[in-house]
Amino acid sequence: MSGFVSKFRHIWGDAAKPQDSYSDIKNALTSGESQYVKANPRFLAYGGAGGGAPVFIRKLTDVGRTGAKPLYVATHQGKLTDFDFHPFIDNMIATAGDDCKLNINQFPKEGLEENITTATQVLSGHKKKLSLILFNPTANNIIASASYDRTVKLWNCENASCVATYEGCADNIYSLAWNKDGSQLAVTGKDKALRIFDPRKPEEAVVISDAFGGIKSSKCFFVDSFGWVGSTGFNKTAKRELKIWDPRNLEKTLFSQVLDQQASVLVPNVDQDLNVLYLAGKGDNSVTYYELRNDEKVCNYLSLYRDSTPQKGGGWVPKRGCAVMKCEVQRYLKMTKDSIMPISFIVPRKSGGDIFQEDIYPPTPGGKPAVSADEWVAGQSGEVATMSLDPDDRKDDGDDGDVGFNKKASYEEVVAENQELKQKVTQLEAELAALKGQSGGGDDAPADE
């Protein structure tokens with residue numbers, strides 16, 4: 001660490017007190033490739049392990065003990081495998097199940113008032129159960145899904161249509177990641193390869209074969225500022241590794257480091273605003289973080305947060321949900337065996353509570369789409385819509401504004417409607433012919449004198 005200078009050198013993790021955590025969580029989903037917890041600036045969600053694929057949703061401000069009957073969204077026939085909040089509509093969440101379906105579910109803007117058991121939209125097409133889903137970060141109502149049928153499908157949620165399918169994976173899929181403008185998707189799998197492709201042009205995929213030596217789970221990510229792609233994984237001797245590549249030059253690995261010999265899967269999270277990488281292992285009791293720089297070293301170790309409680313998994317609150325006047329730059333929602341514990345990562349500043357720290361809060365994604373679903377399918381990719389986090393300039397009031405979800409008839413529904421209309425036309429033609437026959441007989445009758 002000699003000579004390394006960084007404004008993030010002293011980031012520290014501050015765990016919430018029990019009364020400020022989400023406690024008494026029972027029978028939570030803690031298996032599969034999911035993170036197990038997702039959040040947006042207003043709500044958090046975690047899955048249930050039981051049938052019906054329940055996803056429990058509560059406000060971030062609703063801390064404390066979980067009630068005896070927490071409210072949930074459960075719109076599948078089987079068990080839950082993954083879920084993801086809509087990036088532009090806070091009260092919409094997608095769920096994936098082992099019934100081979102991806103469901104889009106909308107709930108009241110102020111939170112759940114009762115259990116929801118009917119999906120807003122159902123997306124069907126995979127031949128085996130789904131493993132992962134992830135919304136596009138810039139295109140409205142576009143979502144990716146990975147399945148045990150070894151395909152990745154892209155969907156337009158509004159009309160439930162599959163707009164693209166990638167069939168290049170040779171084994172089960174471990175992770176999905178979008179780049180900042182939603183034009184590239186990265187995928188890792190059990191075949192040890194990392195694939196990068198534009199889902200609209202899947203035939204042009206770039207494949208990094210043997211990205212890792214081991215077949216245990218790997219988790220990919222993009223470093224948008226530098227155009228890199230990275231992943232955590234395992235080598236042939238089951239040691240955990242961190243690797244980073246530059247897709248523009250794949251002749252060599254940009255960064256590669258063996259981290260340790262622990263068996264738990266490392267789940268990455270990149271603060272794209274500050275280029276800080278956080279690694280949280282499923283089963284670990286720690287979160288390690290690094291600063292990424294476009295220099296010879298590439299990845300610089302910063303510090304480690306550790307406590308006495310192992311984490312099953314966890315999710316991250318978007319920057320719009322962080323407490324900027326406390327210099328909170330990230331918030332990790334750590335799932336334990338019976339609770340979700342918020343951990344705030346803070347950059348210590350003497351005047352942080354009085355003056356907005358502009359240098360650690362550049363403009364951040366503002367929750368507004370850059371392109372529509374149809375525009376994205378047609379080939380457009382828009383710049384990320386950003387907003388200021390300065391309380392004096394900030395313009396968001398929790399309203400989704402003109403961002404909407406307009407459910408349209410699916411292709412199957414249109415076909416069924418056409419069939420029904422054809423049957424009605426045939427029936428009406430038959431009735432009209434019968435009426436003509438009756439009136440024709442009346443015309444031949446003699447007129448009254």
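Calculation notes
- Residues numbered from 1 in each chain as written.
- Predicted model: local features only at pLDDT ≥ 70, side-chain atom pairs only at ≥ 80, totals over all residues.
- Heavy atoms only, no water.
- Phe/Tyr/Trp six-rings, centres within 6.5 Å; stacked < 30°, edge-to-face > 60°.
- Helix = DSSP H or I, 4+ residues; strand = E, 2+ residues; numbered from the N terminus.
- Buried < 20%, exposed > 50% of the residue type's maximum accessible area, 1.4 Å probe, protein only.
- Lys NZ or Arg CZ within 6 Å of the ring centre and 35° of its normal.
- Polar contact = N/O pair within 3.5 Å; in protein donor to acceptor, adjacent residues only side chain to side chain.
- Contact = heavy atoms within 4.5 Å.
- Core = buried A, V, L, I, M, F, W, Y, C linked by side-chain atoms within 4.5 Å.
- Pairing = 2+ DSSP bridges.
- Salt bridge = Lys/Arg side-chain N within 4 Å of Asp/Glu carboxyl O.
- Axes fitted to C-alpha atoms, helices over the stretch in contact; angles between N-to-C directions.

Student: Looking at this structure, I do not really get the packing of aromatic side chains. What am I missing?
Tutor: By convention here, two paired aromatic rings are described through the distance between centres and the angle between planes. Enumeration according to the criterion identifies 16 aromatic pairs in this entry. Between tryptophan 178 and tryptophan 376 the ring centres are 6.1 Å apart and the planes differ by 80°, which places this aromatic pair in the edge-to-face class. Of this pair, tryptophan 178 sits in strand S16 (residues 173-178) while tryptophan 376 sits in helix H1 (residues 373-377), and the two are 198 residues apart along the sequence. An identical accessibility class is assigned to tryptophan 178 and tryptophan 376; each is buried. On the basis of an interplanar angle of 80° and a centroid distance of 6.2 Å, the ring pair of tyrosine 305 and phenylalanine 345 is categorised as edge-to-face. Within this pair, whereas tyrosine 305 is found in strand S27 (residues 299-306), its partner phenylalanine 345 is found in strand S30 (residues 339-346), the two being separated by 40 residues in sequence. Here tyrosine 305 falls in the buried class, since its relative accessible area comes to 8%. In textbook terms, an aromatic cluster arises when at least three aromatic residues are bridged by ring pairs, as seen for Tyr278, Tyr289, Tyr305, Trp316, Tyr332 and Phe345. Between lysine 216 and the ring centre of phenylalanine 234, over which it is positioned, the NZ or CZ distance is 4.4 Å.

Student: Looking at this structure, I do not really get the side chain of serine 217. What am I missing?
Tutor: With respect to the element layout, serine 217 can be found in the loop between strand S19 (206-208) and strand S20 (219-223). Judged by its relative accessible area of 9%, serine 217 is buried. In terms of polar contacts, serine 217 uses its side chain to reach the side chain of glutamate 33, at 2.9 Å. Among residues more than four places away in sequence, those in contact with serine 217 are Glu33, Tyr174, Gly233, Phe234 and Val265.

Student: Would you take a moment to explain the nonpolar core for this structure?
Tutor: Within soluble globular proteins, side chains that are nonpolar generally end up buried alongside one another. One finds Leu44, Tyr46, Ile57, Ile93, Phe107, Leu333 and Ile340 to be the most contacted residues of the largest nonpolar core, which totals 28 residues. Looking at this core, the elements with two or more residues in it are strand S3 (37-39), strand S4 (43-47), strand S5 (55-59), strand S8 (80-85) and strand S29 (328-335). Among the elements that line this core, the one with the most residues is S4, at four residues. In this structure leucine 44 touches Tyr22, Lys38, Ala39, Phe56, Ile57, Arg58, Leu60, Phe85, Leu333 and Ile340, once residues within four positions along its chain are discounted. With 26 residues, the next largest nonpolar core counts Phe8, Leu274, Val324 and Ile343 among its residues.

Student: Is there a simple way to think about the pairing of S27 in this case?
Tutor: Working note: regular strand, side chains alternate between the two faces of the sheet. Bridging between strand S26 (residues 286-292) and S27 involves seven bridges; their strand directions are antiparallel. What sits directly across from threonine 288, in S27, is leucine 304. A loop of six residues connects S26 with S27, the two strands running antiparallel in sequence, and valine 298 in this loop sits at a positive phi of about 70°.

Student: What am I meant to see in the pattern of salt bridges here?
Tutor: When charged atoms on two side chains of opposite charge get close, those side chains can pair. Summed over the entire model, instances satisfying the criterion amount to 18 salt bridges. Lysine 38 is the partner of aspartate 84 in a salt bridge, and the nearest nitrogen-oxygen pair spans 3.3 Å. Taken together, the residues span a long stretch of sequence, with aspartate 84 in strand S8 and lysine 38 in strand S3 at a distance of 46 residues. For the pair aspartate 84 and lysine 38, one class covers both residues: buried. Aspartate 246 is the partner of arginine 248 in a salt bridge, and the nearest nitrogen-oxygen pair spans 2.8 Å. Judged by its relative accessible area of 61%, arginine 248 falls in the exposed class. When salt bridges with common partners are traced through the structure, they connect Lys7, Arg349 and Asp359 into a single cluster.

Student: Would you take a moment to explain the sheet that holds strand S7 (residues 72-73) for this structure?
Tutor: Pairing between the strands of a sheet comes from backbone hydrogen bonds, and it takes one of two forms, parallel or antiparallel. If you trace the four strands from one edge of the open sheet to the other, you get S3-S4-S5-S7, paired in antiparallel fashion. Sheet topology places S3 and S7 at the edges, where each strand pairs with a single neighbour. Examined bridge by bridge, S3 and S4 share three bridges and lie antiparallel to one another. Across the sheet, lysine 38 pairs through a bridge with alanine 45, a residue of S4.

Student: Even after reading the chapter, I still don't get the side chain of threonine 336, so can you show me in this structure?
Tutor: By the element assignment, threonine 336 lies in the loop between S29 and S30. Among the polar contacts made by the side chain of threonine 336, one reaches the side chain of serine 339 at a distance of 2.7 Å. The contacts of threonine 336, once residues within four sequence positions are left out, are Thr309, Pro310 and Lys312.

Student: I tried to follow unusual backbone geometry on my own but got confused; where do I start?
Tutor: Trans peptide bonds make up the majority, and among non-glycine residues the majority have a negative phi. Phi angles above zero are rare outside glycine, and asparagine 27 is one such case at about 55°. Mapped onto the fold, asparagine 27 is located in the loop between strand S2 (22-23) and S3. You can call asparagine 27 exposed: its relative accessible area is 55%.

Student: Got a minute to help me understand the sheet that holds strand S9 (residues 92-97) in this structure?
Tutor: Read from one edge of the open sheet, four strands run S8-S9-S10-S11, paired in antiparallel fashion. Each having just a single partner strand, S8 and strand S11 (121-124) make up the two edges of the open sheet. This sheet shows a mean twist of 20° between the axes of neighbouring strands, independent of strand direction. Bridging between S8 and S9 involves five bridges; their strand directions are antiparallel. For aspartate 84, the partnering residue across the bridge sits in S9 and is alanine 94.

All we've got here are geometric facts, nothing functional implied.
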